[in-house]
Structures are given as C-alpha cells and as structure tokens.
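# Observations on the three-dimensional arrangement
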Amino acid sequence: MASSTRPAPTVGFDLDMTLIDSRPGIHACYRALTERTGTYVDADLAVTRLGPPLEEELAHWFPAEEIAATAELYRAMYPTHAIAATPALPGARESVEAVRAAGGRALVVTAKYEPNAKLHLAHLGIEPDAVVGDLWAEQKAVALREHGAHVYVGDHLGDVRGARAAGALSVAVASGPCSAEELRAAGADVVLADLTEFPAWLAGYRDGDGPAPARA
C-alpha cells in the first residue's frame with residue numbers, strides 16, 4: 001500500500017540493450033572492422049556480450065599492442081556503420097518521457113564512447129537531460145552521484161554494481177545478455193522484463209511502493 005509520495009526522481013539509464021538495441025549496428029561495425037584490418041572478429045559472438053568497454057572485446061581478437069589504435073579506428077567508423085542500423089528498444093522513449101512527466105531528470109550513463117552515444121540518442125529522438133559516456137560498472141557511480149541519481153536502470157550485472165556503488169536503486173531490465181535470475185542474484189532491487197514495464201513501475205515508486213534508494 002502506498003505510504004507517501006516520493007519527490008521527483010533523477011533516473012539514470014544505461015544505453016546499449018537498455019534504451020537501444022545496438023546489436024545490428026555493432027555487428028555491422030565489427031564486420032567493417034574485419035574488412036579494414038584483415039583481422040577476423042566474430043561479430044555474431046561479439047554482440048552476445050555487450051556491456052563492458054570496447055577494449056575488452058577487442059582483446060579477444062587483437063594483440064595488446066594494437067588495441068588502443070584499433071579502438072580509435074572502430075570509434076571513427078562507428079557513425080557510418082552503426083547509428084542508422086540501431087533501433088530504440090520498446091519502451092525507451094516512453095520511459096525517458098515518464099521521468100520528465102513526473103518532474104524528474106533523465107540521464108544516460110554508458111560505457112559507450114560519449115560522442116557516439118549522443119549520436120544514437122539524437123538519431124532516435126530520445127532527449128535525456130545529460131549524457132555521460134566512457135564509464136563502466138562501478139565507474140558509473142561517479143556520474144550517478146554527480147547528478148544525484150536516485151535510480152539507475154540497466155541490463156547488465158555491471159549496471160547493478162554501478163547503481164549499488166552510487167547508493168542508487170538498481171532497476172534491472174532483462175533485455176540484454178543477463179537473465180532476470182542473474183540480475184536478481186547480482187543484487188538488483190527491481191527486475192523488469194524490459195522498459196515497457198518502467199513507466200508503471202515509476203508511477204508506483206512515486207506513490208511510495210517498493211524499496212527506496214540507499215542514498216536519499
């Protein structure tokens with residue numbers, strides 16, 4: 001039963017596999033990278049483990065001394081191959097709009113290279129109040145704390161860790177590589193099937209239902 005109305009929240013969202021289905025674009029970019037470098041990258045495999053920084057995936061395919069330069073090349077190629085091919089996930093726009101309709105602020109905190117993250121959002125017409133890139137797992141807590149986020153929504157175990165490190169409520173969506181069971185086991189406070197369930201959850205949260213963030 002609702003006990004009190006919570007103040008308008010600041011909500012952080014992850015990007016890949018939370019707001020956007022980045023698999024088609026990333027797949028295309030890895031195939032182009034293979035053509036450009038002559039080094040085979042299994043794009044089918046790579047898109048099953050999205051979440052961690054690009055350099056971690058490249059380490060499976062390139063020698064250590066080539067990773068920095070290859071990451072720079074990939075990021076330069078990315079707008080051409082990945083932006084138009086990447087759709088919003090169901091509920092993404094509605095979830096960001098629900099935060100704003102509640103009087104809150106929406107931000108995106110992602111491990112993706114920040115300029116490319118902004119290109120995705122602009123292409124899809126999703127307009128958060130702030131975008132912070134190049135942060136993974138517990139590093140995300142820096143931006144979440146800076147912006148005073150009460151809630152962080154993500155699809156990966158690293159997102160759960162980031163939310164907990166920030167003292168924010170961890171709302172996990174099972175739309176990425178991690179199952180609902182894995183997300184719960186990692187300590188997510190709330191697990192949703194995907195973002196289509198988020199606006200209703202947010203309304204209940206505002207009414208005082210469910211857990212509160214560790215940091216008020």
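Our subject is the structure that appears above.
Here goes a summary of the coordinates provided. These numbers come from a predicted model, not from an experiment. (Residues numbered from 1 in each chain as written. Predicted model: local features only at pLDDT ≥ 70, side-chain atom pairs only at ≥ 80, totals over all residues. Heavy atoms only, no water.)

### Structural notes on the sheet that holds strand β2 (residues 105–109)
Within a sheet, neighbouring strands are paired by backbone hydrogen bonds and run either parallel or antiparallel to one another. The strand order β3-β2-β1-β4-β5-β6 describes an open sheet built from six strands, whose pairing is parallel. Edge strands, defined here as strands with exactly one partner in the open sheet, are β3 (130–132) and β6 (190–192). Across the sheet, the mean angle separating the axes of adjacent strands is 20 degrees when strand polarity is ignored. Inspection of the sheet shows strand β4 (residues 151–154) paired to strand β5 (residues 169–173) by four bridges, in the parallel sense. The residue bridging Tyr152 from the neighbouring strand is Ser170, located in β5. Running over the sheet, helix α6 (residues 114–124) touches β2 and β3 and is turned about 140 degrees from β3. (Pairing = 2+ DSSP bridges. Helix = DSSP H or I, 4+ residues; strand = E, 2+ residues; numbered from the N terminus. Axes fitted to C-alpha atoms, helices over the stretch in contact; angles between N-to-C directions. Contact = heavy atoms within 4.5 Å.)

### Some details on the pattern of salt bridges
Counted under the stated rule, the structure contains nine salt bridges. Between Arg100 and Asp129 there is a salt bridge, with the nearest N and O atoms lying 3.3 Å from each other. Here Arg100, found in helix α5 (residues 92–101), pairs with Asp129, found in the loop between α6 and β3; they are 29 residues apart in sequence, far enough to count as distant. The exposure class assigned to Arg100 is partly exposed, which follows from its relative accessible area of 35%. (Salt bridge = Lys/Arg side-chain N within 4 Å of Asp/Glu carboxyl O. Buried < 20%, exposed > 50% of the residue type's maximum accessible area, 1.4 Å probe, protein only.)

### Structural notes on the pairing of β2
Burial runs high along β2: four of the five residues are buried. Sheet analysis places strand β1 (residues 10–13) next to β2, joined by four bridges and oriented parallel. Considered in β2, the bridge of Val11 is made with Ala106. Where β2 meets β3, three bridges bridge the pair, whose relative direction is parallel. Within β3, the residue paired with Val108 across the bridge is Val131. Taken together, β2, α6 and β3 form a β-α-β motif whose crossover is right-handed. (Right-handed = clockwise from strand over helix to strand, strands pointing away.)

### Quick notes on the nonpolar core
By size, the foremost hydrophobic cluster in this structure holds 28 residues, and its most contacted members are Phe13, Leu19, Val153, Phe198 and Trp201. The set of elements that each furnish at least two residues to this core consists of β1, α5, β2, α6, β4, β5, β6 and α10 (198–206). Among the nonpolar cores identified, the runner-up in size contains 21 residues, and Ile26, Ala32, Val47 and Met77 belong to it. (Core = buried A, V, L, I, M, F, W, Y, C linked by side-chain atoms within 4.5 Å.)

### Observations concerning the packing of aromatic side chains
This model, assessed by the stated rule, comprises six aromatic pairs. Ring plane angle 80 degrees and centroid distance 6.3 Å describe the contact between Tyr40 and Trp61, whose orientation is recorded as edge-to-face. Here Tyr40 is found in the loop between α1 (23–37) and α2 (43–46), whereas its partner Trp61 is found in the loop between α3 (54–58) and α4 (64–82), with 21 residues between them in sequence. A relative accessible area of 53% places Tyr40 in the exposed class. The exposure class of Trp61 is partly exposed, given its relative accessible area of 22%. (Phe/Tyr/Trp six-rings, centres within 6.5 Å; stacked < 30°, edge-to-face > 60°.)

### Digging into the packing of α4 against α6
Two elements in contact, α4 and α6, have axes whose closest approach is 10 Å; the angle formed by their N-to-C orientations is 10 degrees. In terms of orientation, α4 and α6 fall into the roughly parallel class. Considering only the axes of α4 and α6, their crossing is right-handed. On α6, the residues that touch Arg75, Tyr78, Pro79 and Ala82 of α4 are Asn116, Leu119 and His120. Tallied by class, the residues present in the contact of α4 with α6 amount to four nonpolar, two polar and one charged. (Parallel < 35°, antiparallel > 145°, perpendicular 65-115°, else oblique. Left-handed = near helix turned anticlockwise from the far one by under 90°. Nonpolar A, V, L, I, M, F, W, Y, C, P; charged D, E, K, R; others polar.)

### Brief notes about the side chain of Thr110
Residue placement: Thr110 occurs in the loop between β2 and α6. For Thr110, a relative accessible area of 2% corresponds to the buried category. There is a polar contact of 2.9 Å between the side chain of Thr110 and the backbone nitrogen of Lys112. Setting aside chain neighbours within four positions, we find Thr110 in contact with Asp14, Leu15, Ala117, Val132, Gly133, Asp134, Leu135 and Lys140. (Polar contact = N/O pair within 3.5 Å; in protein donor to acceptor, adjacent residues only side chain to side chain.)

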